[in-house]
Amino acid sequence: MDTLSARDVAPLMRELGLTEDDAAEPTAVVPAGRLRAVAEALKAQGFMLMDTVGLDYLQYPDPRPARFSVLHNVYHPFEHRRLFLRVWLNDGEPLDSLYPVWRAANYLEREVYDLLGIEFVGHPDLRKVLTPDDLEGHPLRKDFPLGETPTLFREGRFLDPAAFRAGLNGQHAGLTGYRGEFRRGQRGDREPPVMPAGGPK
């Protein structure tokens, strides 16, 4: 058996009764109610959880089965096979936690909860992990308000959104001092950044 066919996960998807998703990487659509059972079957075959991400398709131009998608990236370290498990969820719909299957799901699911508000049923400590405790809402949701209200952090410092964005769009130096590079066809008087002698300070 050659290496490519040994890494093919299509037979595994058929064995688990999963539908292949149209994606750049091998991806299976998993009904929310079957996620934990599928994860347990994959773990029994030697797969481990590498990453978990959430996506909000609220403003996506093509129609999607639901607003949210949670992608679990599982990998077999000896056979070098990778499979993404996609679960479609409506707003407010919870999902079974994979923490009982893989302990690695702990912080991964907390991050998705913090940034998108997707709740994981059976997670032992589902609370914010990245954003300040006093920040209301979930910043990776497409309907999260991008107002001009400064964010207060625990140490007493503020993040002014206008000054922060100015450094990201290349119009002004903003907080970072970085203005970005010229767009194709643009010219200007500034020199491209050069690494200082001795490396970054």
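See the structure printed just above.
As the structure is a computational prediction, the values presented were derived from the model and not from experiment.

About the cut-offs
Residues numbered from 1 in each chain as written. Predicted model: local features only at pLDDT ≥ 70, side-chain atom pairs only at ≥ 80, totals over all residues. Heavy atoms only, no water. Helix = DSSP H or I, 4+ residues; strand = E, 2+ residues; numbered from the N terminus. Buried < 20%, exposed > 50% of the residue type's maximum accessible area, 1.4 Å probe, protein only. Contact = heavy atoms within 4.5 Å. Areas by Shrake-Rupley, 256 points an atom, 1.4 Å probe, with all protein chains shown as cover. Polar contact = N/O pair within 3.5 Å; in protein donor to acceptor, adjacent residues only side chain to side chain. Pairing = 2+ DSSP bridges. Axes fitted to C-alpha atoms, helices over the stretch in contact; angles between N-to-C directions. Arc of directions from axis to C-beta. Core = buried A, V, L, I, M, F, W, Y, C linked by side-chain atoms within 4.5 Å. Phe/Tyr/Trp six-rings, centres within 6.5 Å; stacked < 30°, edge-to-face > 60°.

1. As for the overall build of the protein chain
When helices and strands are counted, the protein chain shows 5 helices and 9 strands. Helices and strands in the protein chain line up, N terminus first, as α-α-β-β-α-β-β-β-β-α-β-β-β-α. Scored against the burial criterion, the 201 residues of the protein chain give a buried share of 33%. Residue pairs in contact within the protein chain that sit at least 24 positions apart in sequence constitute 45% of those at least 6 positions apart. Within the structure as shown, the protein chain displays about 12900 Å² of accessible surface, and the carbon and sulfur contribution to it stands at 53%.

2. A short note on the side chain of Ser97
Here Ser97 is to be found in the loop between β6 (95–96) and α4 (105–116). Given the relative accessible area of 0%, Ser97 is considered buried. Polar contacts involving the side chain of Ser97 include one to the main-chain amide nitrogen of Tyr99, which spans 3.0 Å. Aside from chain neighbours lying at most four places away, what touches Ser97 is Arg36, Glu109, Phe120, Val121, Gly122 and His123.

3. Some details on the environment of Ala10
By the element assignment, Ala10 lies in helix α2 (residues 10–16). Given a relative accessible area of 17%, Ala10 falls into the buried group. Counting along the chain gives 16 residues from Ala10 to Pro26, while the straight-line C-alpha distance between them is 7.9 Å.

4. Structural notes on the sheet that holds strand β2 (residues 27–29)
Read across the open sheet, the 5 strands follow the order β1-β2-β5-β4-β3; overall the sheet is mixed. Looking at which strands have only one partner, the edges of the open sheet turn out to be β1 (19–20) and β3 (48–56). Here β3 pairs with strand β4 (residues 68–76) via 8 bridges, running antiparallel. Bridge pairing links Leu55 to Ser69 in β4. Helix α3 (residues 35–44) rests against β4 and β5 (81–89) of the sheet, and its axis sits at about 170° to β5. Across the sheet, α4 touches β3 and β4, and the angle it forms with β3 is around 5°.

5. Overview of α3
Note on helix geometry: an α-helix contains 3.6 residues per turn, so any two residues three or four positions apart are oriented the same way. Within α3 the residues assigned to the buried category are Leu35, Val38, Ala39 and Leu42. Taken down its axis, α3 places every buried residue within 100° of arc, on the same side. Looking at the buried side of α3, the elements it contacts are α2, β4, β5 and β6. One or two positions beyond α3, positive phi appears at Gly46, with a value near 105°.

6. Here we look at the environment of Asp91
For Asp91, the location among the structural elements is in the loop between β5 and β6. Considering only alpha carbons, one finds Asp91 and Asp56, 35 residues apart in sequence, at a separation of 9.5 Å. The residues touching Asp91, leaving out its near neighbours within four places in the chain, are Arg67, Phe68 and Arg141. Separated by 3.4 Å, the side chains of Asp91 and Arg67 make a polar contact.

7. Observations regarding the nonpolar core
Formed by 30 residues in total, the largest nonpolar core has its most connected members in Leu18, Leu42, Val74, Leu83, Leu85, Trp102 and Ile118. Contacts of Leu18, omitting those with residues within four sequence positions, involve Met13, Ala28, Val29, Val30, Arg34, Val38 and Leu85.

8. Examining the side chain of Arg67
Mapped onto the secondary structure, Arg67 falls in the loop between β3 and β4. Polar contacts involving the side chain of Arg67 include one to the side chain of Asp56, which spans 2.8 Å. Among residues more than four places away in sequence, those in contact with Arg67 are Leu55, Asp56, Tyr57, Leu58, Leu89, Asn90, Asp91, Arg141, Lys142 and Asp143.

9. Regarding the packing of aromatic side chains
Applying the stated criterion across every chain, the model contains 2 aromatic pairs. The interplanar angle of 90° and the centroid separation of 5.1 Å between the aromatic rings of Tyr57 and Tyr60 together place this pair among those described as edge-to-face. Residue Tyr57 is classed as buried on the basis of its relative accessible area of 16%. Ring centres 5.3 Å apart and planes at 50° place the aromatic pair Tyr57 and Trp88 in the tilted group. Here Tyr57, found in the loop between β3 and β4, pairs with Trp88, found in strand β5; they are 31 residues apart in sequence, far enough to count as distant. Like Trp88, Tyr57 is buried. A connected cluster of aromatic rings, assembled from ring pairs, spans Tyr57, Tyr60 and Trp88.

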